Amino acid sequence: MLTKTKIYLSSPHMGGSEQKFVDEAFSTNWIAPLGPNVNGFESDIQEYIGGNKHVAALSSGTAAIHLALQLLKVSKGDEVLCQSFTFSASANPIVYQGATPVFIDSEPDTWNMSPELLEIAIQDRIQKYKKPKAIIAVHLYGMPYKAKEINAVAKKYDIPVVEDSAEALGSRYYDDYCGTLSDIGIFSFNGNKIITTSGGGALVVTSKEEKDRAVFLSTQARDNAPHYEHSVIGHNYRLSNVLAGIGRGQMEVLDERVAARRRNFEFYKKHLSKFNSISFLEEPESFFSNRWITCITTDSYKLREDIRLALQEDDIESRPLWKPMHMQPVFKDCVHFTNGVSEDLFNRGLCLPSGSNLTEHDLHRVLKKILKPLNL
Ligand SMILES: *Cc1c(COP(=O)(O)O)cnc(C)c1O
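Here the structure is a predicted model, which is why all the values come from computation and not from measurement.

Our next topic: the sheet that holds strand S8 (residues 184-188). One open sheet holds the eight strands; their spatial order is S1-S9-S8-S5-S4-S2-S3-S14, and the pairing between them is mixed. Edge positions in the open sheet fall to strand S1 (54-58) and strand S14 (336-337), since each of these has one partner strand only.

Dropping the structure here:
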């Protein structure tokens, strides 16, 4: 009997030469968290994103955010402003540092941090407590946030910005790649991201000194001495040379992956935009999204759930949009500045299967199920 295979939201998609780089790691015995693939992967990313940036390959995107906060000297008692509409990994490192997140809602054009609410929050925190130590803004689902506006507010109050570009490798804002638009950027190469090393991440900084500091902290903070000498607390956050080999292969096909994800978006839009009850997030002028995940918003919670359940019936994975951090039990006591945008998106939005390896046949199988509740 022919059994249908499960369709995932976003599954790994190897290009072909990953295995060659991994084999090289084995044949040269560089089975360690350093080596030629780590250096090569870092220069591949540097070359791709441009902007004279320095890149440190790390074990995860979360580790990269954690190190970014340490480079910015975020510590106990500090507040960090963070986009509320995101994955918890954007905010967790704030708590690792003993600092407190303050959540900022989104604006409707990009679904990302509202520059207006950001300024209101900064003024409020300065008045009531103290100046926030950093801002974490996110290019959610690959859509760039309004970097000019966010950077202008950040500059006005002299607060550094950490750019969570975990979902936005290959996205562009005007002439620049996401990850290079602020003081410190981060990428993720987790299994569900646009390219993957199975697990991995990168930190993007503007000077060699910052990179060296990040690498130092990511390799247990060993001082320069013949024995092991430590004057600060470090981490084990460096990327494995084996996994960096996967990354090198993946970088060769990144632009193809972006093109494929954008084709998925166009497919869904072509077949679904005629329904008034479904809408898509469009790119503002000069914004280029990698369309990591195609998301739709429905006109009601019920329709969203009907579609989600219809897909589930056929073993097709879909998922409501991120539940905002200010609504999460773990962050319920955190100060937040909201306008209803992210809560509404959470109630009516759905992530559709968006892998770069979906076939035309897969997409039609998904579409057929989405159409079912729409045509009732
Ligand atoms: C995936 C993701 C992260 C964390 O990356 P990991 O590599 O999984 O640790 C952080 N922020 C956002 C928005 C993400 O989607």
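The next subject is empty space enclosed by the protein. Unoccupied space between atoms shows up once a probe the size of one water molecule is rolled over them. Summed over the entire model, instances satisfying the criterion amount to one cavity of 30 Å³ or more. Around the largest cavity, the lining residues are Trp111, Tyr141, Met143, Phe265, Leu281, Ser289, Arg291, Ile293 and Cys295. Residues that form the lining of the largest cavity fall into these classes: seven nonpolar, one polar and one charged. The two domains that each donate at least three residues to the lining of the largest cavity are domain 1 (18-251) and domain 2 (254-374).

In terms of backbone geometry, most residues other than glycine have negative phi values and most peptide bonds are trans. Phi is positive for Asn29, which is not a glycine, with a value near 65 degrees. With respect to the helices and strands, Asn29 occurs in the loop between helix H1 (18-27) and helix H2 (36-49). Under the relative-accessibility criterion, Asn29 is labelled exposed at 62%. Phi at Lys73 takes a positive value of approximately 60 degrees, unusual for a residue other than glycine. Relative to the helices and strands, Lys73 is located in the loop between helix H3 (61-71) and strand S2 (79-83).

The next thing to look at is the domain arrangement of the protein chain. If you check the domain split of the protein chain, you get domain 1 (18-251) and domain 2 (254-374). On a C-alpha basis, the centres of domain 1 and domain 2 stand 25 Å from each other. Taken together, the contact pairs 47 residues of domain 1 with 38 residues of domain 2. In this assembly, domain 1 packs against domain 2 so that about 3,800 Å² is buried in total across both faces, 67% of it on carbon and sulfur atoms. The largest per-residue losses of area from domain 1 upon contact with domain 2 belong to Trp111, Tyr141 and Ile194, which jointly make up 22% of the total buried on that side. Along the contact surface separating domain 1 from domain 2 lie zero salt bridges. The tally of links between domain 1 and domain 2 comes to 21 residue pairs in polar contact (both at pLDDT 80 or more). Of all the elements in the fold, those that place two or more residues in the side of domain 1 that touches domain 2 are helix H4 (92-96), strand S3 (100-104), helix H5 (115-128), strand S6 (172-173) and helix H8 (241-252). Ranked by the residues each element gives to the side of domain 1 that touches domain 2, the list is headed by H5, at five residues.

Of the two faces of strand S15 (residues 349-352), both are covered, the one formed by Gly349 and Cys351 as well as the one formed by Leu350 and Leu352. Here four bridges tie strand S12 (residues 294-298) to S15, and the two strands are oriented antiparallel to one another. Note on S15: the bridge partner recorded for Thr297 is Gly349. Judged from the two bridges that link them, strand S13 (residues 319-320) and S15 form a sheet pairing that is antiparallel. What sits directly across from Pro320, in S15, is Leu350.

Our next topic: the pairing of S3. Among the five residues that make up S3, four are buried, leaving the element largely enclosed by the rest of the structure. In this structure, S2 lies alongside S3, joined through five bridges in parallel fashion. From the neighbouring strand, Glu79 faces S3, where its bridge partner is Thr100. Where S3 and S14 come together, two bridges link them in parallel fashion. Note on S14: the bridge partner recorded for Phe103 is His336.

It is worth spelling out the site of the ligand at this point. Lining the immediate environment of the ligand, one finds 15 residues, of which Gly61, Thr62, Glu167, Ser188 and Lys193 sit closest. Between the ligand and Gly61, the relevant distance is 2.7 Å, taken from an oxygen atom to a main-chain nitrogen or oxygen of the residue. A distance of 2.7 Å separates a nitrogen atom of the ligand from a polar atom in the side chain of Asp164. Protein coverage of the free-state accessible area of the ligand, which is 380 Å², stands at 94%. A majority-of-atoms criterion places the ligand in the largest pocket. Class assignment of the residues belonging to the shell around the ligand gives a composition of four nonpolar, eight polar and three charged.

It is worth spelling out the packing of aromatic side chains at this point. Evaluation of the coordinates by the stated rule reveals 14 aromatic pairs. Here the aromatic rings of Tyr141 and Trp322 are separated by 6.3 Å at their centres, their planes lie at 15 degrees, and the arrangement is stacked. Residue Tyr141 is located in the loop between strand S4 (134-138) and helix H6 (147-156), and its partner Trp322 is located in the loop between S13 and S14; the two are separated by 181 residues in the primary sequence. Trp322 gets classed as partly exposed once you look at its relative accessible area, which sits at 22%.

Basis of the calculations
- For every chain, the first residue of the written sequence is number 1, and numbering continues from 1 onward in sequence order.
- In keeping with the model being predicted, local features are shown solely for residues with a pLDDT of at least 70 and side-chain atom pairs are shown and tallied solely at 80 or more, while totals for entire chains, interfaces and linings include all residues.
- To obtain the side-chain values, all non-hydrogen atoms of the structure were used and water was disregarded.
- If DSSP finds at least two bridges between two strands, the strands pair.
- Helix and strand assignments follow DSSP, with helices taken as H or I runs no shorter than four residues and strands as E runs no shorter than two, numbered in order from the N terminus.
- Cavity and pocket criteria rest on a 1 Å grid covering protein atoms alone: a 1.4 Å probe that fits but cannot get out defines a cavity, protein on both sides within 12 Å along at least 5 of 7 lines defines an open pocket, and an atom within 4 Å of a point defines a lining residue.
- Grid points are joined across faces, edges and corners, and a volume is the space filled by probe spheres set on the points.
- Residues are grouped as follows: Ala, Val, Leu, Ile, Met, Phe, Trp, Tyr, Cys and Pro are nonpolar; Asp, Glu, Lys and Arg are charged; all remaining types, including Gly, are polar.
- Throughout, the edges of the domains are those of an automatic or database domain assignment.
- The cut-offs for exposure are 20% and 50% of the maximum accessible area for each residue type, with area from a 1.4 Å probe on protein chains only; residues under the lower value are buried, those over the upper are exposed, and the others partly exposed.
- The contact definition used throughout considers only heavy atoms, calling two residues in contact when any of these lie within 4.5 Å.
- Two parts placed together each lose some accessible area under a 1.4 Å probe, and adding up what both lose gives the buried area.
- The term salt bridge refers to a side-chain nitrogen of Lys or Arg lying within 4 Å of a carboxyl oxygen of Asp or Glu.
- Here a polar contact is taken to be a pair of N or O atoms separated by no more than 3.5 Å, where protein atoms must pair a possible hydrogen donor with a possible acceptor and residues adjacent in sequence count only if both atoms sit in side chains.
- Residues are labelled near a given molecule or strand when at least one of their non-hydrogen atoms is within 4 Å of it.
- Reported accessibility uses the Shrake-Rupley method at a 1.4 Å probe radius. Residues are deemed covered only where the shown protein chains occlude them.
- Pocket or cavity membership: a molecule qualifies when more than half of its atoms sit within 2 Å of the grid points of that site.
- Any two rings among Phe, Tyr and Trp, with Trp reduced to its six-membered ring, count as a pair given centres within 6.5 Å; such a pair is stacked if its planes are under 30 degrees apart, edge-to-face if over 60, and tilted if neither.

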